[in-house]
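Residue strings, one per chain:
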Amino acid sequence: MESAAFEHTVQPLTEHNGVLVALKGSIDAHNAPQLEQVMRELIEQGNRNIILDLSQLQYISSAGLGVFMVLYEEVQEQGGNVLFAALPEKVLTVFDLLGFTQLFQFFPTVAEAQRYLTSEQSEAAND
Amino acid sequence: MIERQIKIAGVPEELAKVRAFLQQTLEAAGLDDEEIYQWIWIVDEGCSNIIRHAYHNDPQRFIWITVRITNERVEVEIQDEGEPFDPTQVPEPDLQLHRRLRKKGGLGIYILRRLVDHLSYEQKQHPQGRNRLILVKQRTYNSSTIPS
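A brief look at the structure comes next. (Residues numbered from 1 in each chain as written. Chains lettered and ligands numbered in written order. Predicted model: local features only at pLDDT ≥ 70, side-chain atom pairs only at ≥ 80, totals over all residues.)

Re helix α2 (residues 62–77) of chain A
Residues and elements named next belong to chain A. Between its first and last C-alpha atoms α2 spans 23 Å; for 16 residues at 1.5 Å apiece the expected length is 22 Å, and the two agree. Where α2 bends most, at Leu71, the angle is about 30 degrees. Positive phi shows up at Gly79, right after α2, with a value of about 80 degrees. (Helix = DSSP H or I, 4+ residues; strand = E, 2+ residues; numbered from the N terminus. Expected span 1.5 Å × (residues − 1). Bend = angle between axes of the 7 residues up to and from the residue.)

Remarks on the packing of helix α2 (residues 33–54) of chain B against helix α4 (residues 108–115) of chain B
Angle between the axes and distance between the axes are the two parameters that describe a pair of packed helices. All names here are of chain B. Running from N to C, α2 and α4 cross one another at 140 degrees; their axes reach a closest spacing of 9 Å. If you check the angle between α2 and α4, you find them oblique. The chirality of how α2 crosses α4 is left-handed. For the pair α2 and α4, the contacting residues are Gln38, Trp41, Ile42, Glu45, Gly46, Ser48 and Asn49 in the first and Gly108, Ile109, Ile111, Leu112 and Leu115 in the second. Here the contact of α2 with α4 is built from residues that sort into six nonpolar, five polar and one charged. (Axes fitted to C-alpha atoms, helices over the stretch in contact; angles between N-to-C directions. Parallel < 35°, antiparallel > 145°, perpendicular 65-115°, else oblique. Left-handed = near helix turned anticlockwise from the far one by under 90°. Contact = placed C-beta atoms within 7 Å. Nonpolar A, V, L, I, M, F, W, Y, C, P; charged D, E, K, R; others polar.)

A closer look at the environment of Met1 of chain B
With respect to the element layout, Met1 of chain B can be found in the segment before β1 (2–9). Look past the residues within four positions of Met1 of chain B in its chain and what remains in contact with it is Arg68, Ile69 and Thr70 of chain B.

Side note on the sheet that holds strand β3 (residues 49–60) of chain A
Residues and elements named next belong to chain A. Within the open sheet, the five strands sit side by side as β1-β2-β3-β4-β5. Their pairing is mixed. A strand with exactly one partner marks an edge of an open sheet, and here the two such strands are β1 (6–13) and β5 (105–107). Across the sheet, the mean angle separating the axes of adjacent strands is 25 degrees when strand polarity is ignored. Pairing of β1 with strand β2 (residues 18–27) involves eight bridges; the strand directions are antiparallel. Within β2, the residue paired with Leu13 across the bridge is Gly18. (Pairing = 2+ DSSP bridges.)

Some remarks on the sheet that holds strand β3 (residues 73–80) of chain B
Residue and element names in this part refer to chain B. Strand order in the open sheet formed by five strands is β1-β2-β3-β5-β4, with antiparallel pairing between adjacent strands. Looking at the sheet topology across the chains shown, the edges are occupied by β1 and β4 (118–122). Adjacent strand axes in the sheet meet at a mean angle of 15 degrees, parallel and antiparallel pairs treated alike. Across five bridges, β4 lies against strand β5 (residues 131–138) in antiparallel orientation. Across the sheet, the residue bridging to Leu119 is Leu135, located in β5. Set on the sheet, helix α1 (residues 15–28) makes contact with β1 and β2 (62–69); between it and β1 the angle comes to about 170 degrees. Each of β2, β3 and β5 is contacted by α2, which is oriented at about 10 degrees to β3, the strand it contacts most.

A word on the pairing of β2 of chain B
All names here are of chain B. On β2, burial follows the alternation: Ile63, Ile65, Val67 and Ile69 on one face are buried, whereas Phe62, Trp64, Thr66 and Arg68 on the facing-out side are not. Across eight bridges, the pairing between β1 and β2 is antiparallel. Paired with Arg4 across the bridge in β2 is Val67. With seven bridges joining them, β2 and β3 adopt antiparallel strand pairing. Residue Ile69 lies in a different strand from β3, and its bridge partner there is Val74. With antiparallel pairing between neighbouring strands as the criterion, β2 and β3 make up a hairpin whose turn holds three residues. (Buried ≥ 20, exposed ≤ 12 C-beta atoms within 10 Å, placed from the backbone.)

Overview of the packing of helix α3 (residues 89–98) of chain A against α2 of chain B
Two elements in contact, α3 of chain A and α2 of chain B, have axes whose closest approach is 10 Å; the angle formed by their N-to-C orientations is 55 degrees. On the basis of their axis angle, the class for α3 of chain A and α2 of chain B is oblique. For the element pair α3 of chain A and α2 of chain B, the recorded crossing hand is right-handed. Packed against α3 of chain A, whose contacting residues are Lys90, Thr93 and Val94 of chain A, the element α2 of chain B presents Asp33, Glu34, Tyr37, Gln38 and Trp41 of chain B at the interface.

So, the interface of chain A and chain B
If you look at the interface, chain A gives 25 residues, while chain B gives 31 residues. Element by element, the count of residues in the side of chain A that touches chain B is highest for α2 of chain A, at eight residues. Partitioning the side of chain A that touches chain B into residue classes produces 13 nonpolar, eight polar and four charged.

Some words on unusual backbone geometry
The phi torsion at Asn17 of chain A lies on the positive side, around 50 degrees, for a residue other than glycine. Mapping Asn17 of chain A onto the fold places it in the loop between β1 and β2. The phi dihedral of His56 of chain B falls on the positive side, at around 50 degrees, and the residue is not glycine. Here His56 of chain B lies in the loop between α2 and β2.

Listed below in C-alpha cells is the structure:
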C-alpha cells in the first residue's frame, strides 16, 4: 500500500569514506525537501561516497529525483560518488524507459556498488 | 466501464491520498503492478504540477481526479481551477544538461508525457469552468480483463 512518508537509515562505510543510506517508503513533492536535508547533512559531514539502498523504496517522484539532480554533480566535483543500488525491478524498468538510467550509476545490489568503490579506490591508489 | 473519483485539496500532503486511491482502484480492476506503478507516477506528477504552479500550495483550492477503466484502456481526467497550463506545449528537456545545470524541477511534465499513450488539455478560466487534463494509456495484455 502507498505510504505518506519515507524513512531512512544510515550506516557508515568507513573504508569508502562514505555512507550507505537505505531509503524506505515514498518520496514525493511533500517530503522531498526532507530528503534533501538528510543528504545535505551527510555531505556536509564529509562523506564523499554515498550508496543508496533503494530495495525498500516504494515510490519516488520527480521531486525526489530532483534532489539527486542537484547533489550528483556536487558530490562528483568533490571527488565522490552517488550510487543507486538494488532498485526494485518495476521502478528500474520505468527509469530505463525515461532515460534516467543514463544519468546516474545503478547497481543490482549494494555489494556490487561497494565493489565498484573498492575498485575505484585501488585504481586511484595505483595512479 | 468502472469510474471512480476523488477530490483533493491543493497541497502536497494530499498526494499520498491520490496514490492510495489509484493503487486501490487500479488493483481492484486487475491492472498489474507495473501498470499501477506507472499510473501512480503519472497522476502524482500531474497533481504536483497543479499544486505547485497553479495553486501555490493553497488548501482552499481543489483538484478533481476521475479514473475510467475499460478492458482495453485506462483514462484519467484531472480537473483544476487554476491558471491554465498546457503540458502539451512544454518542450522535451535535455536530461544530461538538466543534471549538469543541477536543476531540481521541470521533469514532471516530461515523465507524464513519456508514460501515457495520449494526452489532451482543455483550458477554461474559473469560474466559467475547469481546466481538464485527460491522460490515456492502453492496458497491457495480461491485465486486460475487468473482474466481474
